Amino acid sequence: MNHVHNRAEKKRITLNYLNQPVADDRKLLSEFTNFLGTTVRQFVSLTCASWHQVPEKQLLWEYVKDKYIVPDDAKPWVNKSMSDHFRSYKSRIKRDYYNTYPTDEERLSHRPEEVSLSDWKILLNYWGDEKVQEIAKKNSEARQKITETHTTGSTSFAQVAHILRLEKLAKLEKEKQEKLGKMPVNDDGEGEGNGEEDPIKVSDADIYLATRKRDEKREYKLPEQVLKMVNDKIVDVKKTLETEDTTEDSEKSANSEKSANSEKSAEVSYEDDNDVNTD
């Protein structure tokens, strides 16, 4: 990521209606997310007990804006993302360099290169504290109770929803083009539209299915009963979506028929009003 930190060009980050970064170009959003992670690792000391104690948050935000064109509305999301990166980074350092070795003497001899000796000693004292260890134990037990996880990695759900919407849009445009080819053409050479509202919607169920996809050729660490539970839930969600689609199509058909009948009734009424009594 050095090329991102050192480049002069500032790429633009766009937001969705929830002020979350999304992009048609997946590589751009992946780059931005990774940039936030490397920024945290470069400028934030792991000796901070939590993200709340990090004093440089405003400076970090200004640094982000110096490298990207980012709307101010994205600041809460950026702060949350950097908080997640900080927690994940600190957890990985503890797992690989603290939990792996039984004594502080061995931990000191295997200090991670990116952590200074003075900071490492502070971390060893902090992680060795009985109260901190008790909290860590409770957190670990709580994580083990999580029976279902997503499979999107660092890709945000907002980006997943954005890509799903683009796919639905492409499908809709294709269907419209096929339909327009069979419709009468106006004098201006354009097909007649139907005046319907934009039907492109990405539901929570759509996002759930997209974020729980699993490669059949890959082995997962989750217990077999958990995988079965997830697969069963996926089947249920798909059935729900199919039912909703069927209901929506039926409602559209009913509304269309109702509209046609109304127009026909109006025509009959108009003809009745224009009847002339010749008696």
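Residues numbered from 1 in each chain as written. Predicted model: local features only at pLDDT ≥ 70, side-chain atom pairs only at ≥ 80, totals over all residues. Heavy atoms only, no water.

Taking an unreviewed UniProt entry as the reference, the chain is identified by name as Transposase belonging to Heracleum sosnowskyi.

Turning our attention to the packing of helix H6 (residues 117-128) against helix H7 (residues 130-144). Between H6 and H7, the shortest axis-to-axis distance is 5 Å and the interhelical angle comes to 70 degrees. Accordingly, the angle class assigned to the pair H6 and H7 is roughly perpendicular. Note on element contacts: H7 touches H6 through Glu130, Val132 and Gln133, opposite Tyr126, Trp127 and Gly128. Considering only residue class, the contact of H6 with H7 consists of three nonpolar, two polar and one charged. (Axes fitted to C-alpha atoms, helices over the stretch in contact; angles between N-to-C directions. Helix = DSSP H or I, 4+ residues; strand = E, 2+ residues; numbered from the N terminus. Parallel < 35°, antiparallel > 145°, perpendicular 65-115°, else oblique. Contact = heavy atoms within 4.5 Å. Nonpolar A, V, L, I, M, F, W, Y, C, P; charged D, E, K, R; others polar.)

Here the focus is helix H2 (residues 26-43). The terminal C-alpha atoms of H2, which comprises 18 residues, lie 26 Å apart, in line with the 26 Å expected from a rise of 1.5 Å per residue. What H2 keeps buried is the set Leu28, Leu29, Glu31, Phe32, Thr33, Phe35, Leu36, Gly37, Thr38, Thr39 and Val40. (Expected span 1.5 Å × (residues − 1). Buried < 20%, exposed > 50% of the residue type's maximum accessible area, 1.4 Å probe, protein only.)

It is worth spelling out the nonpolar core at this point. In terms of nonpolar packing, the biggest core is built from 34 residues, with Phe32, Phe35, Leu36, Trp51, Tyr68, Val70 and Val78 touching the most fellow members. Elements that contribute at least two residues to this core include exactly H2, helix H3 (57-67), helix H4 (75-97) and H6. The residues touching Tyr68, leaving out its near neighbours within four places in the chain, are Val4, Arg7, Lys10, Lys11, Ile13, Leu28, Glu31, Phe32 and Phe35. Counting residues in hydrophobic clusters, the runner-up holds six residues, among them Leu209, Ile234, Val237 and Leu241. (Core = buried A, V, L, I, M, F, W, Y, C linked by side-chain atoms within 4.5 Å.)

Looking now at H3. Regarding H3, the residues found buried are Leu60, Trp61, Tyr63, Val64 and Lys67. For H3, the angular spread of buried residues about the axis comes to 160 degrees, placing them on one side. Looking at the buried positions of H3, the neighbouring elements they touch are helix H1 (2-6), strand S1 (11-12), H2, strand S4 (68-69) and H4. (Arc of directions from axis to C-beta.)

With that settled, consider the confidence of the model for the chain. Summary statistics for the chain give a mean pLDDT of 80 and a share of 76% for residues scoring 70 or more. Across residues 259-279, confidence stays below pLDDT 50; counting only partners more than four residues off in sequence or on other chains, it has zero contacts. (pLDDT = per-residue confidence, 0-100.)

A complete count under the given rule lists eight salt bridges for this structure. The residue Glu31 makes a salt bridge to Lys11 at a minimum N-O spacing of 3.7 Å. Of the two residues, Glu31 sits in helix H2 while Lys11 sits in strand S1, which places them 20 residues apart along the sequence. Since its relative accessible area comes to 13%, Glu31 is described here as buried. The residue Asp84 makes a salt bridge to Arg87 at a minimum N-O spacing of 2.9 Å. You can see Asp84 and its partner Arg87 sitting in helix H4, three residues apart, about one turn around the helix. Exposure remark for Asp84: the relative accessible area of 26% places this residue in the partly exposed category. (Salt bridge = Lys/Arg side-chain N within 4 Å of Asp/Glu carboxyl O.)

Glancing now at the packing of aromatic side chains. For the coordinates displayed, the defined rule picks out eight aromatic pairs. Geometrically, the ring pair formed by Phe43 and Tyr63 is edge-to-face, given 5.1 Å between the ring centres and 70 degrees between the ring planes. Residue Phe43 is located in helix H2, and its partner Tyr63 is located in helix H3; the two are separated by 20 residues in the primary sequence. You can call Phe43 partly exposed: its relative accessible area is 40%. Geometrically, the ring pair formed by Trp51 and Phe86 is tilted, given 5.8 Å between the ring centres and 55 degrees between the ring planes. A residue pair is termed long-range when its members are at least 10 positions apart, and Trp51 in the loop between H2 and H3 and Phe86 in helix H4 qualify at 35 residues. One aromatic cluster in this structure is built from Phe32, Phe35, Phe43, Tyr63, Tyr68 and Trp77. When the ring centre of Tyr89 is taken as origin, the NZ or CZ atom of Arg41, which lies over that ring, is 6.0 Å away. For the cation-ring pair, Arg107 lies above Tyr98, with the distance from its terminal atom to the ring centre recorded as 3.8 Å. (Phe/Tyr/Trp six-rings, centres within 6.5 Å; stacked < 30°, edge-to-face > 60°. Lys NZ or Arg CZ within 6 Å of the ring centre and 35° of its normal.)

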